[in-house]
Amino acid sequence: MFVGLDLGTSGLRALLVDADQNTVAVSEAEYGTGHPASGWSEQAPQDWIEACTTVLKDLCQQAPQGMAALQGIGCSGHMHGATLLDAEAQVLRPCIMWNDTRSADQAATLDTQTEVRRLSGNIVFPGFTAPKLLWVAQNEPEIFARVAKVLLPKDYITFWLTGDFTSDMSDSAGTSWLDVGARDWSDPLLAAGGMQKDQMSQLFEGSEIAGTIRPALATELGLPQGVSVAAGAGDNAAAACGIGALQEGDGFVSLGTSGVILAARDRFAPQPESAVHTFCHAIPDTWYQMGVILAATDSLNWLSRNLQRDPAQLTALLGDCLTAPGRVQFLPYLSGERTPHNDSAIRGALINLDISSDQADLTRAVIEGVSFALRDSFEALKSTGARLDSVIAIGGGSQSPYWLELIATVLGLPVQLPAQGEFGAALGAARLAICGVTGRPPAEVMTKPEIATIITPRADLADAYEEAYAAYKKLYPCLKGLTR
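Reading the values: the criteria
Residues numbered from 1 in each chain as written. Predicted model: local features only at pLDDT ≥ 70, side-chain atom pairs only at ≥ 80, totals over all residues. Heavy atoms only, no water. Salt bridge = Lys/Arg side-chain N within 4 Å of Asp/Glu carboxyl O. Buried < 20%, exposed > 50% of the residue type's maximum accessible area, 1.4 Å probe, protein only. 1 Å grid on protein atoms, 1.4 Å probe; cavity = no way out; pocket = protein on both sides within 12 Å on 5 of 7 lines; lining within 4 Å. Points joined across faces, edges and corners; volume = space filled by probe spheres on them. Nonpolar A, V, L, I, M, F, W, Y, C, P; charged D, E, K, R; others polar. Helix = DSSP H or I, 4+ residues; strand = E, 2+ residues; numbered from the N terminus. Contact = heavy atoms within 4.5 Å. Core = buried A, V, L, I, M, F, W, Y, C linked by side-chain atoms within 4.5 Å. Pairing = 2+ DSSP bridges. Right-handed = clockwise from strand over helix to strand, strands pointing away. Axes fitted to C-alpha atoms, helices over the stretch in contact; angles between N-to-C directions. Parallel < 35°, antiparallel > 145°, perpendicular 65-115°, else oblique.

Novice: Which residues make up the pattern of salt bridges, and what values go with them?
Specialist: Going through the model one piece at a time under the given rule, you end up with 24 salt bridges. Among the salt bridges present, the one from Asp 100 reaches Arg 102, with a minimum N-O distance of 2.8 Å. With respect to burial, Asp 100 and Arg 102 carry one shared label: buried. Taken together, the shared-partner salt bridges in this structure form one network comprising Glu 42, Arg 93, Asp 100, Arg 102 and Glu 140.

This is how it looks when you write it as structure tokens:
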């Protein structure tokens, strides 16, 4: 038996599978996010530990025989977060999250330094880890002076499980401290950020075993002794493992809190100026590239809160079949934007509101705006040489047939919807544990899911949406000029 843990932005999901990857049990626990100032986003690492304790004990209750046969655990989690520990491994402050934009100035400073983009393969985005530490150094110097280790969020879970400071290549690639091509910590990048190698974790490929669960913790949780813990992966790399996106032409579109369009790569082919992310994959000698928008379903959730209607009720107003583009336009920059603009200061907008605009019009505008933003990311991705023949749809937004047909039409790609079952980051984490424990090759373990439906682009609406996308592209420079 194997467990995959996925530390998400709003909660932790635990998946217990057998050696054939059949789902045995699932458990989830939620936690909150603090926003102590505009643009700030923080979580308490202790909340992750409490959630992890809850889900593991729940799995033991649901499937006692299964958990008694547990051999391996893999962790995935939201990337870029800065979890700071002192010399006694005590947490110094709340974790600064991936969607926190306070370090925009520090990111801009790092991004101009010689060799930073070449070695890291990326723009230094405000959400990345290195600029967060510069912000702490400048604004909380008493805390920075005590930093002995910096752990990424899922690596803090692994540390709690094993007592070892470890990380994997895919998660570490989002720090701006890793030489992404060489798959190792970079002395020049660490020096640029005012850090030292002894403050970093030991690196592993995600499918390697990083440690074993601590004996006392295993006893406390009711787990077997000697359970192996794989190094794991950042959330998007784990999701790619979960849907079998390992080779050129493989990829997915994720309609989650953030929006992602990802393509697996068999080589390191960075193009930082495109604002495409180029990261190590969770398996050896493989990379991936992705465009990222910061508010996908978050945009729909924003509308839901303000209209006081459930997101599913709002999308139901549109029906299941795609119609022509609406007149109301939405720019989904509620938390700034990454690809292709790298603009933490930009904010969202609704345009062309009319006295007759209703909830359906606003909902259509929001999901069209998110879809056009993903098209921006897709165009940036293509400029790097990445190829996508089709995409698998994952994330909460993929439950809307209208939205999937819209995505297919806007991207001009077939969108594959998996059959019911587990195929996300938690499964990817479990698959990494299976590879680590059994020694089986990733290509054998990380197969593609059964596809229930293939949504093809609507040829009759392609020109209308191409025209609407052209109008959308003109809006960012205008909005940028209005930003205060």
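Novice: Mind laying out the layout of surface pockets, listing which residues take part and the relevant values?
Specialist: To find leftover empty space, one rolls a probe the size of a water molecule over the atoms. Considering only enclosed or pocket space, the second largest pocket measures out at about 210 Å³ in volume. Taken together, 16 residues line the second largest pocket, and the ones lying closest to its centre are Glu 422, Phe 423, Leu 427, Pro 449 and Glu 450. Considering only residue class, the lining of the second largest pocket consists of 5 nonpolar, 7 polar and 4 charged.

Novice: Quick rundown of the environment of Ala 360? Include the residues and the values.
Specialist: Mapped onto the secondary structure, Ala 360 falls in helix H14 (residues 359–383). The contact partners of Ala 360, leaving out residues within four places of it in the chain, are Leu 317 and Leu 318.

Novice: Please set out the nonpolar core residue by residue, giving values where relevant.
Specialist: Counting 71 residues, the largest nonpolar core has Leu 84, Trp 177, Phe 252 and Met 446 as its most contacted members. The element that contributes the greatest number of residues to this core is helix H16 (residues 425–438), accounting for 8 residues. Not counting the four nearest positions on each side in its chain, Met 446 is found in contact with Cys 241, Gly 244, Leu 246, Ile 283, Arg 431, Leu 432 and Cys 435. Membership of the second largest hydrophobic core comes to 53 residues, among which are Val 276, Ala 393, Val 410 and Tyr 465.

Novice: Describe the pairing of strand E23 (residues 415–418), and please don't skip the residues or the numbers.
Specialist: Both strand E22 (residues 391–394) and E23 contribute to a ladder of 2 bridges, which runs parallel. Note on E23: the bridge partner recorded for Val 391 is Val 415. Taking the sense of rotation as the criterion, the β-α-β connection linking E22, helix H15 (residues 401–411) and E23 turns out right-handed. Where E23 lies against strand E24 (residues 451–455), 4 bridges are found, and the strand directions are antiparallel. Each bridged residue has a counterpart across the sheet, and for Leu 417 the counterpart in E24 is Thr 453.

Novice: Report on the pairing of strand E3 (residues 23–30), specifying residues and quantitative values.
Specialist: The sheet contact formed by strand E2 (residues 11–17) and E3 spans 7 bridges and is antiparallel. Note that in E3 the partner of Val 17 across the bridge is Thr 23. Counting the residues between successive antiparallel strands, the hairpin from E2 to E3 contains 5 residues, one of them, Gln 21, with a positive phi of roughly 70 degrees.

Novice: How would you explain helix H7 (residues 153–162) if you had to name every residue and give the values?
Specialist: Burial of H7 is extensive: 10 of the 10 residues sit out of reach of the surface. Pro 153, Lys 154, Asp 155, Tyr 156, Ile 157, Thr 158, Phe 159, Trp 160, Leu 161 and Thr 162 are the residues of H7 that are buried.

Novice: Can you tell me about the sheet that holds strand E16 (residues 251–255), naming the residues and giving the values?
Specialist: Spatially, E18-E19-E17-E16-E22-E23-E24 is the arrangement adopted by the 7 strands of the open sheet, whose pairing is mixed. Both outer strands of the open sheet, strand E18 (277–280) and E24, are each paired with one neighbouring strand and no more. Strand-to-strand twist in this sheet, taken as the mean axis angle between neighbours without regard to direction, amounts to 30 degrees. Here 3 bridges tie E16 to E22, and the two strands are oriented parallel to one another. Bridged to Val 253 within E22 is Ala 393. On the sheet, helix H11 (residues 235–243) packs against E16, strand E17 (259–265), strand E19 (287–293) and E22 and is oriented at approximately 120 degrees with respect to E16. Across the sheet, H15 lies against E16, E17, E22, E23 and E24, angled at about 150 degrees from E23, the strand it touches most.

Novice: Describe the packing of H14 against helix H18 (residues 462–473), with residues and values.
Specialist: Two numbers describe how H14 lies on H18: the axes approach to 10 Å, and their chain directions differ by 80 degrees. On the basis of their axis angle, the class for H14 and H18 is roughly perpendicular. Packed against H14, whose contacting residues are Glu 368, Gly 369, Phe 372, Ala 373, Arg 375, Asp 376 and Glu 379, the element H18 presents Tyr 465, Glu 466, Ala 468, Tyr 469, Tyr 472 and Lys 473 at the interface. The class makeup of the residues in the contact of H14 with H18 is 6 nonpolar, 1 polar and 6 charged.

Read these as spatial facts, not as claims about activity.
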